[in-house]
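Each chain, letter by letter, is given below.
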Amino acid sequence: MKLSRQTRREFCTQACQAVALATIGSALQGCGAGAGLTSPSSAAALSRVSGTVASGVISLTIDASSPLASVGSAALVQTSSGLFLVARTGQDTFSALTATCTHEACTITGYESQTYVCPCHGSRFDPSGHVLNGPAVTALRSYTTRFANGVLTIAL
Ligand code: FES
């Protein structure tokens with residue numbers, strides 16, 4: 001089929017726009033993490049649970065249906081005092097950390113292989129808050145925990 005002059009011009013314009021959009025899309029994907037930073041991973045999102053705050057202590061009931069029911073699990077705990085990363089490190093032991101990344105203050109929401117993963121630039125932290133991979137260089141602040149009668153308390 002032979003295209004008219006007008007139709008060819010329209011075809012070229014549309015083709016050029018398509019190429020330009022594809023190029024912009026690739027560029028955006030490539031620079032999303034910023035120069036020199038590791039790219040975010042596809043770590044699973046942490047389950048979210050709510051905790052209550054009273055007198056500087058977060059309380060959270062952990063029963064068989066809790067995302068924190070099994071050893072090795074972790075959750076993002078939402079409270080009126082902010083967000084916290086809680087991991088069950090043993091049958092009766094837990095770790096609690098701030099969920100605010102020490103790199104550029106994103107909320108850490110990913111978790112894989114017992115490692116917290118920041119969605120912004122891919123920093124990784126162990127359940128004690130130590131940096132496993134940057135760009136973050138500072139550990140996450142940790143809080144004292146206590147577990148008794150199915151209730152976890154976190155002292156702020
Ligand atoms: S804010 Fe950059 S890695 Fe978390």
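My aim in this report is to walk through the structure given alongside it, one point at a time.

Reading guide: rules and limits
Residues numbered from 1 in each chain as written. Predicted model: local features only at pLDDT ≥ 70, side-chain atom pairs only at ≥ 80, totals over all residues. Heavy atoms only, no water. Helix = DSSP H or I, 4+ residues; strand = E, 2+ residues; numbered from the N terminus. Phe/Tyr/Trp six-rings, centres within 6.5 Å; stacked < 30°, edge-to-face > 60°. Buried < 20%, exposed > 50% of the residue type's maximum accessible area, 1.4 Å probe, protein only. Disulfide = S-S within 2.5 Å. Pairing = 2+ DSSP bridges.

Quick look at the environment of V137 now. Secondary-structure assignment places V137 in the loop between β11 (131-133) and β12 (142-148). Spatially, the C-alpha atoms of V137 and H103 are 7.2 Å apart, while their sequence positions differ by 34 residues.

Bringing the packing of aromatic side chains into the picture now. For the coordinates displayed, the defined rule picks out 3 aromatic pairs. With a centroid separation of 5.2 Å and an interplanar angle of 45°, the aromatic rings of Y111 and Y116 are classed as tilted. Take Y111: its relative accessible area is 14%, and that puts it in the buried class.

This brings us to the state of the cysteines. Enumeration over the complete set of coordinates arrives at 1 disulfide. The disulfide that involves C106 links it to C120, with 1.9 Å between the sulfurs. Residues C106 and C120 are joined by a disulfide whose S-S torsion is about -95°; by sign, that bridge is left-handed. Taken together, the residues span a long stretch of sequence, with C106 in the loop between β7 (94-98) and β8 (110-112) and C120 in the loop between β9 (115-117) and β10 (124-125) at a distance of 14 residues. On the basis of relative accessibility, which here comes to 19%, the residue C106 falls in the buried class. Using a relative accessible area of 25% as the deciding quantity, one classes C120 as partly exposed.

With that settled, consider the sheet that holds β9. Strands in a sheet are paired, the pairing made by backbone hydrogen bonds, and the direction either parallel or antiparallel. The sheet built from 5 strands is open, its strands ordered β1-β8-β9-β10-β11 with antiparallel pairing. Lying at the two open borders of the sheet, with one neighbouring strand each, are β1 (44-45) and β11. Note: β8 against β9, 3 bridges, orientation antiparallel. Counterpart to Y111 in the pairing with β9 is Y116.

A few words on the pairing of strand β6 (residues 82-88). Taken across its 7 residues, β6 has 5 buried, putting it largely inside the fold. With 6 bridges connecting them, strand β5 (residues 74-79) and β6 associate as antiparallel partners. Bridging across to β6, T79 finds its partner in G82. Between β5 and β6, which pair antiparallel in sequence order, lie 2 residues. Note that β6 and β7 share 5 bridges and pair antiparallel. Among the inter-strand pairings, F84 is bridged to a residue of β7, identified as T98. Hairpin geometry of β6 and β7 is characterised by an intervening segment of 5 residues between the two adjacent antiparallel strands.

Attention shifts here to the pairing of β7. Most of β7 sits out of view: 5 of its 5 residues are buried. Residue alternation in β7 divides its side chains into two sets, F94, A96 and T98 and S95 and L97, and both sets are buried. Two elements, β7 and β12, share 2 bridges in a ladder whose sense is antiparallel. Pairing of A96 across the sheet is with Y143, part of β12.

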